[in-house]
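Chains, contacts and geometry: an overview
Here's the letter readout for the chains.
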Amino acid sequence: MIINQAVLYTHLLDTMKDFYVNSLDFPLTAASPRSFSIKVGESELTFKESSLHTKPFYHFAFNIPANRFMEAKQWATQRVFLNTEEKKDEIYFEAFDAHSFYFEDPAHNIVEYISRHSDCPSSKEPFSSKSLLSIGEINLTTPHVHSVGTQLINSGITVRNNRLLNATFNFLGSGSAFFLVGTPKRRWFFSNRDSEVHPLMAKVNHSLTVALDEEGMLKITQE
């Protein structure tokens, strides 16, 4: 699966733009008074100003080259404070053959940089924001896990390793891109924040638009 674009919401639009463009040096691809977009390798991440008088936050992951994890971590520590879990600021996921580190942006999104050693290519270039490969994960937090998961499965986005849907948390996708479909009030790994339902949109595989509303209901359209 490929996540071509993700559209998220924020109550701190100008601050977020400054953080991603000036502090983290992401290429700016579009900007307006109520939104901005940045390039994340083959993907695009857009933040829109929230009109719901809420403070949305999400979990998302950026894929980085398979051989650049430590270099990426050193690069990040010069710009942000890394989150920790049990006094560690990185983790190896055996099931994914991947290393990750985490930090929070000004809106308290839990941002993950993940190096999938078996599913992401290597790079000969020194690490920079331009080294990012794509959006690798994005959460779909919903009280309707079964129905949302079933909709994705019926659209061809299956549970990782063809497992059955879990009632509380699932990885749906393949390769180096996944939707994390889970219930609200789950603590996000490497944070002290519990998951909440917030609207978002994602375009995947150049053909599907996946839109989650503020109630956690999903709508999928095919181009």
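Residues numbered from 1 in each chain as written. Predicted model: local features only at pLDDT ≥ 70, side-chain atom pairs only at ≥ 80, totals over all residues. Heavy atoms only, no water.

As recorded in an unreviewed UniProt entry, the protein chain goes by Putative glyoxalase/bleomycin resistance protein/dioxygenase and comes from Priestia megaterium.

**Focus: the pattern of salt bridges**
Operational definition: Whenever Lys or Arg places a side-chain nitrogen within 4 Å of a carboxyl oxygen from Asp or Glu, that contact is recorded as a salt bridge. Note on conventions: DSSP H or I runs of at least 4 residues are helices, E runs of at least 2 residues are strands, and numbering of each starts at the N terminus. Burial classification: accessible surface area is computed with a 1.4 Å probe over protein chains only, and a residue below 20% of its type maximum counts as buried, one above 50% as exposed, and the rest as partly exposed.
Tallied over the entire structure, the rule returns five salt bridges. When the shortest N-O distance is used, the salt bridge between Lys 73 and Asp 89 registers 2.6 Å. In this pair, Lys 73 sits in helix H2 (residues 69-77) while Asp 89 sits in the loop between H2 and strand E6 (91-93), placing the two residues 16 residues apart along the sequence. Ionic pairing is found between Arg 187 and Glu 85, a salt bridge with its closest N-O pair at 2.6 Å. One end of the pair, Arg 187, is in the loop between strand E11 (177-182) and strand E12 (200-204); the other, Glu 85, is in the loop between H2 and E6, with 102 residues separating them in the sequence. Among the residues examined, Arg 187 registers a relative accessible area of 40% and is labelled partly exposed. Its relative accessible area of 16% is what places Glu 85 among the buried residues. Members of the salt-bridge network, linked through shared partners, are Lys 73, Asp 89 and Glu 90.

**A look at the nonpolar core**
The tendency in soluble globular proteins is for nonpolar side chains to be buried side by side. How we decide: Take the buried residues of types Ala, Val, Leu, Ile, Met, Phe, Trp, Tyr and Cys, join any two whose side-chain atoms come within 4.5 Å, and each joined set is a nonpolar core. By definition, residues are in contact when any of their heavy atoms lie within 4.5 Å.
Ranked by internal contacts, the top residues of the largest apolar core, which has 52 residues, are Tyr 20, Leu 45, Phe 62, Tyr 113, Leu 152 and Phe 179. Considering every element that reaches this core, the biggest residue donor is helix H1 (residues 13-23), with five residues. When neighbours within four sequence positions are excluded, Phe 179 is seen to be in contact with Met 1, Ile 138, Leu 140, Leu 152, Ile 157, Asn 170, Phe 171, Leu 172, Ala 202, Val 204 and Val 210. Counting 12 residues, the second largest nonpolar core, distinct from the first, contains Ile 91, Phe 178, Trp 188 and Phe 190.

**Brief notes about the packing of aromatic side chains**
Where we set the bar: Note on aromatic contacts: the rings of Phe and Tyr and the six-membered ring of Trp form a pair at centre separations within 6.5 Å, being stacked when their planes are under 30 degrees apart, edge-to-face when over 60 apart, and tilted otherwise. For a ring to carry a charge above it, either NZ of a lysine or CZ of an arginine must fall within 6 Å of the ring centroid while also lying within 35 degrees of the normal to the ring plane.
Applying the stated criterion across every chain yields a total of 21 aromatic pairs. The interplanar angle of 55° and the centroid separation of 6.2 Å between the aromatic rings of Phe 93 and Phe 189 together place this pair among those described as tilted. Of this pair, Phe 93 sits in strand E6 while Phe 189 is found in the loop between E11 and E12, placing the two residues 96 residues apart along the sequence. In this arrangement the basic side chain of Arg 160 is found over the ring face of Phe 96, its NZ or CZ atom lying 4.0 Å from the centre. Over the ring of Phe 57 we find Arg 193, and its NZ or CZ is 4.1 Å from the ring centre.

**Notes on the pairing of strand E7 (residues 98-104)**
Moving residue by residue along a regular strand, the side chains alternate between the two faces of the sheet. Here is the rule we go by: DSSP-based pairing: two strands are paired if at least 2 bridges between them are found.
Burial runs high along E7: five of the seven residues are buried. Relative to E7, E6 runs antiparallel, the two being bridged by three bridges. Its bridge partner being in E7, Ile 91 is matched across the sheet by Ser 100. Remark: four residues form the turn of the hairpin made by E6 and E7, two consecutive strands paired antiparallel; Asp 97 in that turn has positive phi of roughly 50°. As defined by bridge partners, E7 adjoins strand E8 (residues 110-116) across seven bridges and the pair is classed as antiparallel. Each residue of the ladder has a partner; that of Glu 104, found in E8, is Ile 110.

**Some points on the environment of Ser 115**
Operational definition: Each polar contact in these results corresponds to two N or O atoms within 3.5 Å; when the atoms are within protein, one needs to be able to donate a hydrogen and the other to accept it, and residues that are neighboring in sequence are counted only if both atoms are side-chain atoms.
Residue placement: Ser 115 occurs in strand E8. In the structure, Ser 115 is positioned 15 residues away from Ser 100 in sequence and 6.4 Å away in space, judged by C-alpha atoms. If near-sequence neighbours (up to four positions away) are discounted, Ser 115 is found in contact with Ile 64, Pro 65, Ala 66, Asn 67, Phe 69, Asp 97, Ala 98 and His 99. Within polar-contact distance, the side chain of Ser 115 engages the backbone oxygen of Pro 65 at 3.0 Å.

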